[in-house]
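Notes for the structure review
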Amino acid sequence: LSPQYISLPRPLTLLVPHEQGEHPVHVIYYAPQNPSYTGLDGEKPPCVLNVHGGPVGLSPQSFSATKQFYTTRGWAWLDVNHTGSSGYGRAYMEGLREAWGIQDVDDCIDVARILSAPPHNLIDPKRVFIRGASAGGYTTLAALTLRAEAGVFAAGCSSYGISDFKRLEEETHKFESGYLTMLFGPDPQTKLDRSPVFHAEKIVAPLLILQGDVDPAVPPSQAEIMVQSINKRGGTVEYKLYSGEGHGWKRKDTIQDALQREIRFYSRVLGIECSLQDDI
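Residues numbered from 1 in each chain as written. Predicted model: local features only at pLDDT ≥ 70, side-chain atom pairs only at ≥ 80, totals over all residues. Heavy atoms only, no water.

As recorded in an unreviewed UniProt entry, the protein chain goes by the name Alpha/Beta hydrolase protein, listed as coming from Favolaschia claudopus.

The next thing to look at is the sheet that holds strand 3 (residues 47-51). Reading across the sheet, the eight strands line up as 1-2-4-3-5-6-7-8 and stay open at both edges, with mixed pairing between neighbours. Of all the strands in the sheet, the pair left with one neighbour each is strand 1 (10-16) and strand 8 (237-242). The mean inter-strand angle of the sheet, taken between neighbouring strand axes irrespective of direction, is 20°. In terms of strand pairing, strand 2 (residues 23-30) meets strand 4 (residues 76-81) through five bridges, oriented antiparallel. Paired with valine 27 across the strands is valine 80, a residue of strand 4. Together, strand 1, strand 2, strand 3, strand 4 and strand 5 (128-133) form the strand contacts of helix 3 (residues 103-115), whose direction differs from that of strand 1 by roughly 110°. Running at roughly 155° to strand 8, helix 8 (residues 220-232) makes contact with strand 7 (207-212) and strand 8 of the sheet. (Pairing = 2+ DSSP bridges. Helix = DSSP H or I, 4+ residues; strand = E, 2+ residues; numbered from the N terminus. Axes fitted to C-alpha atoms, helices over the stretch in contact; angles between N-to-C directions. Contact = heavy atoms within 4.5 Å.)

What the second largest pocket holds in volume is close to 540 Å³. Asn50, Thr66, Trp77, Arg131 and Ala133 are, among the 26 residues lining the second largest pocket, the residues nearest its centre. Those elements that provide at least two residues to the lining of the second largest pocket are strand 3, helix 1 (65-71), strand 4, strand 5, strand 6 (155-159) and helix 9 (252-270). If one sorts the elements of the lining of the second largest pocket by residue count, helix 9 sits on top with four residues. Residues of the lining of the second largest pocket, tallied by class, amount to 13 nonpolar, nine polar and four charged. (1 Å grid on protein atoms, 1.4 Å probe; cavity = no way out; pocket = protein on both sides within 12 Å on 5 of 7 lines; lining within 4 Å. Points joined across faces, edges and corners; volume = space filled by probe spheres on them. Nonpolar A, V, L, I, M, F, W, Y, C, P; charged D, E, K, R; others polar.)

Before going further, it helps to examine unusual backbone geometry. With an omega of 5°, the peptide bond between glycine 54 and proline 55 qualifies as cis. Tracing the backbone through its elements, the reader meets proline 55 in the loop between strand 3 and helix 1. Cis geometry is found at the peptide bond from proline 118 to proline 119, where omega equals 5°. With a phi angle near 60°, glutamate 98 is a residue other than glycine that sits in the positive phi range. Here glutamate 98 shows up in the loop between helix 2 (90-93) and helix 3. One non-glycine residue, serine 134, lies in positive phi territory at about 60°.

Taken as a whole and judged by the stated rule, the model has one cavity of 30 Å³ or more. Quantified by volume, the largest cavity comes out at close to 30 Å³. At three residues, helix 8 tops the list of elements feeding residues into the lining of the largest cavity. The class makeup of the residues in the lining of the largest cavity is four nonpolar, four polar and no charged.

All chains considered together, the criterion is met by 17 aromatic pairs. Look at tryptophan 75 and tyrosine 266: their rings are 5.9 Å apart centre to centre, the planes differ by 45°, and that puts the pair in the tilted class. On the criterion of sequence distance, the pair formed by tryptophan 75 in the loop between helix 1 and strand 4 and tyrosine 266 in helix 9 is long-range, its members being 191 residues apart. An identical accessibility class is assigned to tryptophan 75 and tyrosine 266; each is buried. Each ring, one from tryptophan 100 and one from phenylalanine 184, has its centre 5.5 Å from the other, and the planes form 25°; the classification is stacked. (Phe/Tyr/Trp six-rings, centres within 6.5 Å; stacked < 30°, edge-to-face > 60°. Buried < 20%, exposed > 50% of the residue type's maximum accessible area, 1.4 Å probe, protein only.)

Another aspect to go through is the packing of helix 3 against helix 4 (residues 135-145). Packing of helix 3 against helix 4 leaves a shortest axis separation of 9 Å and a crossing angle of 70°. Classed by the angle they form, the pair helix 3 and helix 4 counts as roughly perpendicular. Where helix 3 abuts helix 4, its residues Asp104, Val105 and Cys108 lie against Thr139, Ala142 and Ala143. Looking at the contact of helix 3 with helix 4 residue by residue, the class counts come to four nonpolar, one polar and one charged. (Parallel < 35°, antiparallel > 145°, perpendicular 65-115°, else oblique.)

And the structure:
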């Protein structure tokens with residue numbers, strides 16, 4: 001890939017509202033970059049807001065073909081290292097204790113609002129798409145259910161994301177079996193209250209769900225129960241189950257299909273044609 005197509009990372013620390021006052025949220029912004037094209041005067045680009053897994057992981061500033069896949073096609077890419085992310089100190093990471101599904105979701109919503117408004121004006125507020133895998137998939141589902149009334153996201157994509165924590169505790173592998181208590185607290189009702197599947201009727205944004213059929217951490221039942229619930233009430237959901245894939249894509253054809261399927265899904269939501277035949 002020629003350097004002239006590479007979108008360089010722009011790290012930003014934003015102050016967002018919090019019950020104890022403002023608190024910082026760390027993000028990395030990648031602007032659209034293609035020397036052959038320019039946007040319309042005054043137009044702000046559509047944006048893919050990416051939520052990392054973990055949920056106490058990190059989106060680093062490093063080369064990613066996935067990010068450049070979007071930025072070379074006129075999209076902005078935004079990595080949100082929400083409260084709980086590693087790399088910004090222990091206090092920041094521990095801010096997600098007993099607050100998963102609330103603080104991470106609020107951070108994503110606030111970041112999208114701030115960057116689409118003055119003085120930043122970096123993204124189009126009507127064309128922000130939230131996506132994530134695993135724990136990031138959960139944040140995506142939570143944003144579209146628990147905070148559906150915010151109306152910030154035009155659509156979402158969850159890859160092997162968690163939808164039902166009660167069922168997850170019964171089905172997941174031993175290594176992560178006690179992890180949820182730290183992230184939700186000891187009250188079992190909290191896990192139900194923050195499980196997107198029990199709030200699927202609130203979804204108004206289109207949703208793409210991608211899942212591997214041999215995933216030991218987040219079994220396919222997590223995706224399928226969400227799809228059934230949305231279909232039952234006539235919502236818009238697209239589902240793809242990849243044969244032989246586990247918790248994260250390993251096969252070349254799966255990686256390629258998932259990436260193309262996702263950008264085409266977003267493009268259909270926007271009502272535009274997405275051509276993937278180019279010289280990049």
